[in-house]
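# Notes for the structure review
Single-letter residue listing:
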Amino acid sequence: MKIKEVRELETKDLLEKVENAEAKLQQLKLNHSIAPLENPSQIKDVRRDIARMKTELRQRELNK
């Protein structure tokens with residue numbers, strides 16, 4: 001997810017996407033610990049998406 005896409009989302013939708021992404025990250029980590037993932041860089045990508053979304057949420061909080 002690009003930062004441009006993140007900025008276009010409503011705050012409520014962004015919070016929901018963060019929760020979903022965190023759940024996905026946990027699932028990927030669990031699956032990777034049991035059997036190696038075919039593409040382990042997925043973990044890094046999801047983690048970075050979460051960081052982008054949380055950064056945007058924090059900026060919105062500070063700009064109020």
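Residues numbered from 1 in each chain as written. Predicted model: local features only at pLDDT ≥ 70, side-chain atom pairs only at ≥ 80, totals over all residues. Heavy atoms only, no water.

## Remarks on the overall build of the protein
Our working rule: Runs of H or I in DSSP of at least four residues are treated as helices and runs of E of at least two as strands, each being numbered from the N terminus. For every residue, the accessible area (1.4 Å probe, protein chains only) is compared with the maximum for its type, and the residue is labelled buried under 20%, exposed over 50%, or partly exposed between those bounds. Contacts are assigned to residue pairs that have any heavy atoms within 4.5 Å of one another. Reported accessibility uses the Shrake-Rupley method at a 1.4 Å probe radius. Residues are deemed covered only where the shown protein chains occlude them. Positive charges are assigned to Lys and Arg, negative charges to Asp and Glu, while His and the chain termini are left out of the count. Here the site of a charge means atom NZ of a Lys, CZ of an Arg, CG of an Asp or CD of a Glu.
What the protein contains, in helices and strands, is 3 helices and 0 strands. Ordered by position from N to C terminus, the α and β elements of the protein give α-α-α. When its C-alpha atoms are laid out on the principal axes, the protein stretches across 45 × 15 × 15 Å. With 64 residues in all, the protein has 22% of them scored as buried. Of the contacts made within the protein by residues no fewer than 6 positions apart, 67% connect residues no fewer than 24 positions apart. Approximately 5,100 Å² of the protein is accessible, and the part contributed by carbon and sulfur atoms is 48%. Charge centroids of the protein, computed over 15 positive and 12 negative side chains, lie 5 Å from each other.

## With respect to the pattern of salt bridges
Inclusion rule: We define a salt bridge as a side-chain nitrogen of Lys or Arg found within 4 Å of a carboxyl oxygen belonging to Asp or Glu.
For the structure shown, the criterion picks out 5 salt bridges. In this structure, the salt-bridge partner of R52 is D49, at a minimum N-O distance of 2.7 Å. With a gap of 3 residues between them, R52 and D49 both fall in helix α3 (residues 41-62), about one helical turn apart. A residue is classified by how much of its surface remains accessible, and R52, at 33% relative accessible area, is partly exposed. Here E56 ties to R60 by a salt bridge, and the two come within 3.1 Å at their closest N and O atoms. Pair noted here: E56 and R60 are both in helix α3, with a separation of 4 residues, about one helical turn. The buried category is assigned to E56, whose relative accessible area is 9%. R60 gets classed as buried once you look at its relative accessible area, which sits at 19%. Connected via shared salt-bridge partners are R7, E56 and R60.

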